[in-house]
Every structure is written in structure tokens, then in C-alpha cells.
Amino acid sequence: MSYIPLEQHLPGITGLLEYRKDSGAPIRELTQILLRGESTLTAGERELIATVVSSRNECRFCTAAHTAAANILLENTDTVEAVKQDIDTAPVSDKLKTLLHIAALVQISGKAVTAEAITAAKQAGATDREIHDTVLIAALFCLYNRYVDGLATMTPTDPAFYEGLGQRLKQHGYNRLPQGYDHLKTKDNTLKSI
Amino acid sequence: MAYINVPEGVPGIRSLVLFRPETGKPLYQLAQVLLREDSPLTPAERELIAAHVSSRNNCRFCMESHAAAARCLYGTDKQIVDDVLNAPSRADLSPKMRALLHIAGKVQLSGKQVTPEDIAAAREQGASDREIHDTVLIAAAFCMFNRYVDGLASWTPTDPAVYEEMGLRMAKGYVLPKQTT
């Protein structure tokens, strides 16, 4: 049971963003720009950053949701699993490894990011914008993970829910659905994600 | 020196949003909504939550600037701010505000640290759903802002007068800085 009353048909973050829409709007806008806006990092790479941070914060809802989105965008399931286990041996570019390392340091604390970690990223070809966006995406997921777990939102256990959610995140990104979320209500209280 | 090429002589988050105004806009809007717009908590109480979380994250820029804003907003009661940061047991807080700051401190560690007992204790002191929600989200938001500011090693001024002036400006609200050329 979540600590505050939220819509039963909207687990995880969605119920929170609907509970207070005026704070939900800038959070959605920021996420859409960072994860789907113009960037030299692919949407799949940016979802990997979100997943690594959520996984290290042990936020099950965000980890499952962004794992699903990354799997769809990267068109495989091995990359995410490898990155969650060990960044250094994962099948991603050297530049992305250095950025994922920076994200992992941000998850611990802003102060944990060392000049050496930044130098390594720059030597691997990372631009200032890529470093900026990596730090801000990692910091944003430190917000999301705390928001979702700090209010004990419902975390579905059915993998099919997250597959559907991953599809929604691919198709619609992070914008509020134009029609809202009432179409996800079901008569028997089962959960729909798209 | 910041880790990326931000404008010189501009402190903290202001230098970062000048580097990337597109993400700066929703970041400033979020600060304005959470700390100034509609909430059952006063702007002073909300700035106190922000300063408390920033202090626990060792983010000096955010702690000093939000403490300065909170002192402005508390007015003659401004001693509360320094007591919460330095000697919390002595702070002249309402039991409700003390329970909410406790929740914010848990959020700073991890969302998972917030227990049903923490929430029940806040409710016993009269905290509403919205007050609990806003406390958790403000604390979570400062776990983002603090990491953004320190993760890119943005400039942290050391002169207290700089923060006093910042506090006066922040007390009026959060407006995205514009590049002066």
C-alpha cells in the first residue's frame, strides 16, 4: 500500500505524476528532453544510464521499466543485463563505459565524481554535453527512485506489465498521454500499461 | 574549475543552466512549483527541507543558498534554520515539522529507508497526505540538484555575503538566469 492515496490503476511513478500534476509537468518535460530530445547519445544509451542508476538505488519499479525500454530501443536483452552486472565487461563502446562509470558515481554522491572519471570520459571522446547530460540523467533518477520508493508506490510483479510500459515509453516518451490515463482502468482491477 | 565549459564567474546551478538552458527551464520551474507555489507547507518550511537535505548531501552551494533563502523567509524566527543545520535537538520546531524533516532525512539516504512508522509518526502530528508528498518530493528533488551541482564541480563561492544576496533573490522566487552578453 502506498503511503498516500494514489489511483489504483497507476502503479509506480505514473500515479505520483498524476497525484500532483503541477510538479509532474516539469519532471516529465525534463525527462523527455534528457532521454528523447536531440543528443549525440542514442535513446537506448540514455535508457542504459537510467537503468544503471535505478538498479544501484534498488528501485524495482524504475529498474524494470527502464530495462524494458532499453531492451526495446537496443533490440536485445543482453546489453542491459551485462551493464547491470559489470560496466567494464558489457558489450558497449568505451565512451559509454566511461559515461556509465560517471553515472554510477553520481548515484553515490555528486562529490564522488572525480576529475579522473571525467578525464577518462573526455579521452574516450565524450563531449561536454554528453558528460553534462549523463550527470543530469543520473541525478534525475536519484530523484525518481526516491520519489517512487519513498512513498511506497505499488510495484507490479507481472513481467508483461513492464513489457507494455516499455512499449509506451518507446511510442510516447515521457510526455503525459494526451487522453490521460483513464483508459487503463479495468473492471476487475487488473493492471494495463498501454 | 567546473568539469565542463560553463560560463566563468557564475556560481553553482546558475552556471549549469546557462550551459544548457533547455534543461534549465524545467529545473527552475520544478524549484518554483515545489518551493513557492501551492502547498500546505510555507515557503520557509520548504526551504528548510531543501537546506537540510543539501546539508546531509554535503552540497555546500545548495545548503548555503537555501539556508539563506530560509532565513529571509523565517524573518525573526531565522534561528530555526541554523539550529536545524547545526543542533537539531535544540531547534524550535513544531512536532509535525520535526517528523517531516525526519522523513526528508530518510529520503536523502534512500527512498527505501522511509518506513510506515515514519509516516505514521508524521500523521500523528497532523501531517496531511499533501504535506508528506511534498516533503518526499522536495527531498528527492534536492538529491538531484545536489548531485547536478557537485557532480559537475560547479563553482561554490565561499564568501557568506554572496549567499546572503542569493537568499534575498531566491526568497522572491526561482527565475531562469539569462546569458548576459
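Before reading on, note that the structure itself is shown above.
All figures in this text were calculated on a predicted structure; none of them were measured in a lab.

Peer 1: Would you explain the overall build of chain A in this entry?
Peer 2: Each helix and strand counted, chain A has 9 helices and 0 strands in total. Sequence-ordered secondary structure for chain A, helices as α and strands as β, is α-α-α-α-α-α-α-α-α. Taken against the 2.2 N^0.38 rule, which gives 16 Å for 194 residues, the C-alpha radius of gyration of chain A at 17 Å falls within 12% of a compact globule. C-alpha extents for chain A along the principal axes are approximately 55 × 30 × 30 Å. Out of the 194 residues belonging to chain A, those deemed buried represent 58%. For chain A, restricting intrachain contacts to residue pairs at least 6 apart in sequence, the fraction spanning at least 24 positions comes to 68%. Carbon together with sulfur atoms contributes 51% to the accessible area of chain A, which is approximately 7,900 Å² in total. When the 20 basic and 23 acidic side-chain charges of chain A are each reduced to a single mean position, those positions are 5 Å apart.

Peer 1: Where do I start with the packing of helix α3 (residues 43–56) of chain B against helix α6 (residues 95–109) of chain B in this structure?
Peer 2: Packed helix pairs are characterised by how far apart their axes lie and by the angle those axes make with each other. Residue and element names in this part refer to chain B. Their axes nearest at 10 Å, the elements α3 and α6 cross at an angle of 35°. Between α3 and α6 lies a crossing whose hand is right-handed. In contact with Glu45, Leu48, Ile49, His52, Val53 and Arg56 of α3, α6 contributes Met97, Leu101, Ala104, Gly105, Gln108 and Leu109. A breakdown of the residues in the contact of α3 with α6 according to their chemical character gives 7 nonpolar, 3 polar and 2 charged.

Peer 1: Explain the interface of chain A and chain B here, please?
Peer 2: By a widespread convention, an interface's size corresponds to the accessible area lost as its parts come together. The interface of chain A with chain B comprises 42 residues on the first partner and 44 residues on the second. Each partner contributes to the roughly 3,800 Å² buried at the junction of chain A and chain B, and carbon and sulfur atoms together form 65% of this total. Our enumeration of links across chain A and chain B arrives at 5 salt bridges. Notably, a salt bridge pairs Asp134(B) with Arg20(A), separated by 3.3 Å at the nearest N-O pair. Across the chain A-chain B interface, the total number found is 23 residue pairs in polar contact (both at pLDDT 80 or more). Of all the secondary-structure elements, those providing two or more residues to the side of chain A that touches chain B are α1 (12–19), α2 (21–36), α6 (94–108), α7 (115–123) and α8 (128–150) of chain A. Ranked by the residues each element gives to the side of chain A that touches chain B, the list is headed by α8(A), at 15 residues. Each residue belonging to the side of chain A that touches chain B can be placed in one class, and the counts come to 24 nonpolar, 7 polar and 11 charged.

Peer 1: I would appreciate a short explanation of unusual backbone geometry in the present structure.
Peer 2: For residues besides glycine, phi is generally negative; the peptide bonds are generally trans as well. One non-glycine residue, Glu75(A), lies in the positive phi region at around 60°. Residue position: Glu75(A) is located in the loop between α4 (60–74) and α5 (78–85). The class of Glu75(A) is exposed, set by a relative accessible area of 72%. A positive phi is found at Ala153(B), a non-glycine position, where the angle reads about 55°. Take Ala153(B): it is sitting in the loop between α8 (129–151) and α9 (160–172). For Ala153(B), a relative accessible area of 23% gives the class partly exposed.

Peer 1: Which parts of the structure should I look at to understand the pattern of salt bridges?
Peer 2: Here the idea is simple: oppositely charged side chains can pair when their charged atoms come close. According to the stated counting rule, one finds 24 salt bridges over all chains in the structure shown. Linking Lys84(A) and Glu81(A) is a salt bridge whose minimum nitrogen-to-oxygen distance equals 3.3 Å. One end of the pair, Lys84(A), and the other, Glu81(A), are both in helix α5, 3 residues apart, so they sit about a helical turn from each other. When its relative accessible area of 23% is taken as the criterion, Lys84(A) is described as partly exposed. On the basis of relative accessibility, which here comes to 38%, the residue Glu81(A) falls in the partly exposed class. Through salt bridges that share partners, Arg20(A), Asp22(A), Asp38(B), Arg130(B) and Asp134(B) make up one connected network.

Basis of the calculations
Going along each chain's sequence as written, the residues are numbered from 1 onward. Ligands are numbered from 1 and chains lettered from A, in the order in which they are written. The predicted nature of this model means local features are confined to residues of pLDDT at least 70 and side-chain atom pairs, given and counted, to a pLDDT of 80 or more, with totals for whole chains, interfaces and linings taken over all residues. Excluded from the side-chain calculations are hydrogens and water; all other atoms, namely the structure's heavy atoms, are used. Every helix listed is a DSSP run of H or I at least four residues long, and every strand listed is a run of E at least two residues long, numbered separately from the N terminus. Computation of the radius of gyration draws on C-alpha atoms, with the globule rule given as 2.2 Å multiplied by the number of residues to the power 0.38. The classification of residues rests on relative accessible area computed with a 1.4 Å probe and restricted to protein chains. Under 20% of the type maximum is buried, over 50% is exposed, and intermediate values are partly exposed. When checking whether two residues touch, look at their non-hydrogen atoms; a contact exists if any pair is within 4.5 Å. Only the protein chains shown count as cover for residues, with accessible areas throughout obtained via the Shrake-Rupley method and a probe of 1.4 Å. We score Asp and Glu as negative and Lys and Arg as positive, and we do not count His or the chain ends. Where a charge lies is defined by one atom per residue type: Lys uses NZ, Arg uses CZ, Asp uses CG and Glu uses CD. An axis is simply a line fitted to the C-alpha atoms; with a helix, the fit covers only the stretch in contact. Between two such axes, the angle follows the N-to-C directions and lies from 0 to 180 degrees. Should the near helix be turned anticlockwise from the far one by less than a right angle, the crossing is termed left-handed; should it be turned clockwise, right-handed. Residue polarity is assigned by list, with Asp, Glu, Lys and Arg as charged and Ala, Val, Leu, Ile, Met, Phe, Trp, Tyr, Cys and Pro as nonpolar; anything else, Gly included, falls into the polar class. Here's the idea: put two parts together, see how much 1.4 Å probe accessible area each one loses, and the total over both is what we call buried area. By convention in these notes, a salt bridge is any Lys or Arg side-chain nitrogen within 4 Å of a carboxyl oxygen on Asp or Glu. Side-chain atoms alone can form a polar contact between residues adjacent in sequence; in general such a contact is a pair of N or O atoms within 3.5 Å, and within protein one must be able to donate a hydrogen while the other accepts it.

Purely spatial values, then, with no claim about function.
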